[in-house]
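# Results of the structural survey
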Amino acid sequence: MIPITTIERLANHVGETVTLRGWVHNKSSKGKLHFVQLRDGSGYVQCVVFKGDVSEELFEAIGHAGQESSLVLTGLVKAEPRAPGGFEIGVKAGDVLQKVEGFPITPKEHGPDFLLSHRHLWLRSKRPWAVMRIRDCVISAIRRFYDEQGFVCVDSPIFTPAACEGTSTLFEVNYFDDEKAYLTQSGQLYAEATAMALGKVYCFGPTFRAEKSKTRRHLTEFWMLEPEIAYATLDDVMQNAEELLCYVVKSVLERRQTELEVLERDLTKLHSITAPFPRLSYDDAHALLEKAAPGQHKYGDDFGAPDETILSNAYDRPVMVHRYPKEVKAFYMKRDAADPTKALCVDVLAPEGIGEIIGGSQREDDLELLLGRIKEHQLPEEAFAWYLDLRRYGSVPHGGFGLGLERTVAWICGLEHVREASPFPRMMYRIYP
RNA sequence: UCCCCGAUAGCUCAAUGGUAGAGCAUGCGGCUGUUAACCGCAGGGUUGUAGGUUCGAGCCCUACUCGGGGAGCCA
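Thresholds applied
- Residues numbered from 1 in each chain as written.
- Chains lettered and ligands numbered in written order.
- Predicted model: local features only at pLDDT ≥ 70, side-chain atom pairs only at ≥ 80, totals over all residues.
- Heavy atoms only, no water.
- Helix = DSSP H or I, 4+ residues; strand = E, 2+ residues; numbered from the N terminus.
- Buried < 20%, exposed > 50% of the residue type's maximum accessible area, 1.4 Å probe, protein only.
- Areas by Shrake-Rupley, 256 points an atom, 1.4 Å probe, with all protein chains shown as cover.
- Lys, Arg positive; Asp, Glu negative; His and termini not counted.
- Charge placed at Lys NZ, Arg CZ, Asp CG, Glu CD.
- Pairing = 2+ DSSP bridges.
- Domains from an automatic or database assignment.
- Contact = heavy atoms within 4.5 Å.
- Buried area = accessible area lost by both parts, 1.4 Å probe.
- Salt bridge = Lys/Arg side-chain N within 4 Å of Asp/Glu carboxyl O.
- Polar contact = N/O pair within 3.5 Å; in protein donor to acceptor, adjacent residues only side chain to side chain.
- Nonpolar A, V, L, I, M, F, W, Y, C, P; charged D, E, K, R; others polar.

Secondary structure summary: chain A contains 13 helices and 18 strands in total. Per-residue burial for chain A yields a buried fraction of 51% across its 433 residues. Carbon and sulfur atoms make up 52% of the accessible area of chain A, which totals about 20400 Å². Here chain A contributes 51 positive and 62 negative side-chain charges, whose respective centroids are spaced 6 Å apart.

Okay, here's the thing in C-alpha cells:
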C-alpha cells in the first residue's frame, strides 16, 4: 500500500514511494522529460517525469496539463540538491484529474487591481500562501499565549446598538425593529463586562470601520484581538502587550521559516524583537519629534502618520507611546493621577512604517467621572446604561488593548499593504470577490 | 471629504497628432536537468465610457466611470 502524504512531510519519506495530491504550480518540459512544480497547499515540490518511467498516456496528459491542472502523482522521494526545496519526486504513476488551460495568474508580474479582482485564484500563488500560513501562525500563537496565561476567550457581539467611541463612522444595519443597529467597531466595552465576570479575557473577531480611508494601512473589515484584564494598571497592559508581541514573533520565527524565506523577509529585523520595548511618554515623543523635524508636530495634537514614521524609525523594535493628552483620546480612558491632563493610554507603533498595531489603556473605573465624560462627549446615555452598571457593582481598576491582526501580520511579513494580510480584503472600493 | 496618478492584446507595458507593437501567457511542433528554460510557427485589439478640437486622435480638451497612492481618522 503506497502511503498518501503531503509535501510538508516529505523529509520523513526519503527513499520511499509516496502519493501526492495537488495542482500544477508551474511546468517546464524538455522533450522526453517534464518538470512539474507541484503544490498541495502544504508546500511546493519538483516532480520529474521521464518518458520511459510512466505510461504513454500519462506522459502525454502531463505534457498538456497547464498551470493549476489538478493531478495525483506517485513516485520515489529523493533528496536532490538541484531541485528547489531540496527534495524531488521521481514520478512512476499518476492521474490528471482536470487538464487546465489559461489560468489567469501566470508566473509573471501583475498589477494590484488584477490580482485583487482574482483574489480567489491569487491565493494559490506562493506569496499569499506564505502570508496566509504566517497569519495562521500569528492567530494560533495569540490564542496559545493567552491560553497559557489563564485567559478565557469570550467573544463580543458583531451587532451593536451604539457606537463604542461615538466618533467613527459605522455601518448601519436595518433589521432590528424600532432600533438602529451597527456592525461593531470594537469589542472592548463588552470585553470589560466579561472581564468583570471571568477576570482575564480576550475577544478576537472581525471589526468594521466605515471611514473613507484609502491607505496601505487601512481595511474596511479587519480582525482585532482585544484582551481585557481585571485589576490591571496601564503598566500591566503595556507589559502584556510587550510579552504578546515577543511571543508571536518568536513563534513565527520558529515555525514559519520557509514562508519567511518565500517573502524574502529580513530576519534580523524580527530577531531583534525582544523585551524590553522602548517606552516613551507623549511628552518625550513630542520632544523627540521636535529634534528630528522641528515644527512638524504641534504639542497637544495626536500624532499623524509622518510623526509615527519618525518615532518608529528611531528604534529597531516596537515603540510604546503612553500618556497622551486626554483630549485626543477616548472617553473611557482613565486620567493619570500624576497629571490629570493626560490619559492612561498606550499606542504601540510597529517598525518599518506599518504604524499603530496596538492601542490600549487603563479604563475609567469611577462611575461619576465616567458618567460625566459620556455627557461631555454627548453620547446617548441610555445606550451606555449597562456599561455604567460595571462601575456600579464592584468596580475595579482594569485595562486592555486592541491589536490589529492584519497590520501585525503585514509588519511581521514585511508587506507593503495590509490588504495582502487578509484572505479576502474589503476596502472602500473593493467588495469582490 | 480633499490632494496626486493611472486606464492600449489574457497579463505587464511601448507607440513625435499620421499603417496599434513587444515580452510573457495560450495553441501546435522540437529538445533527458529545467529553476520566470530555450528554439520555431500560429491565433489574439470598438486603445475605460460619452462628447469635443483636427484633414487625421491611443496621444490634445471637457465630463463621467473604475482603480491606485497619500492626507485626515484609526488597529
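For the bond from A275 to P276, the omega torsion is 0 degrees, close enough to zero to count as cis. With respect to the helices and strands, P276 occurs in the loop between α8 (267-271) and β12 (279-281). Following Y432, the chain continues to P433 via a peptide bond in cis, the omega torsion being 0 degrees. In this structure, P433 sits in the segment after α13 (405-413). Positive phi values are uncommon outside glycine, yet E68 reaches one of about 75 degrees. The backbone phi angle of E264 is positive, close to 55 degrees, even though this residue is not glycine. With respect to the secondary-structure elements, E264 resides in the loop between α7 (257-262) and α8. Here E264 falls in the exposed class, since its relative accessible area comes to 73%.

Two modes of strand pairing occur in sheets, parallel and antiparallel, and in both the strands are linked by backbone hydrogen bonds. Pairing in this open sheet of three strands is antiparallel, and the strands run β7-β9-β8 from one edge to the other. With partners counted over all chains shown, the strands left at the sheet margins are β7 (159-160) and β8 (172-173), one partner each.

Next up on the list: the domain arrangement of chain A. Annotation of chain A at the domain level lists domain 1 (7-98) and domain 2 (119-421). Taking the mean C-alpha position of each, domain 1 and domain 2 sit 45 Å from one another. In this assembly, nine residues from domain 1 lie in contact with five residues from domain 2. When domain 1 packs against domain 2, close to 590 Å² is buried across both sides, 46% of that on carbon and sulfur atoms. The interface formed by domain 1 and domain 2 holds two salt bridges in total. Two residues, E68 and R124, come together in a salt bridge whose shortest N-O distance is 3.0 Å. There are four residue pairs in polar contact (both at pLDDT 80 or more) connecting domain 1 and domain 2. Looking at the side of domain 1 that touches domain 2, its residues break down into two nonpolar, four polar and three charged.

So, about the environment of E57. For E57, the location among the structural elements is in helix α1 (residues 56-63). Between the alpha carbons of E57 and K180 there is a distance of 64 Å; along the sequence they are 123 residues apart.

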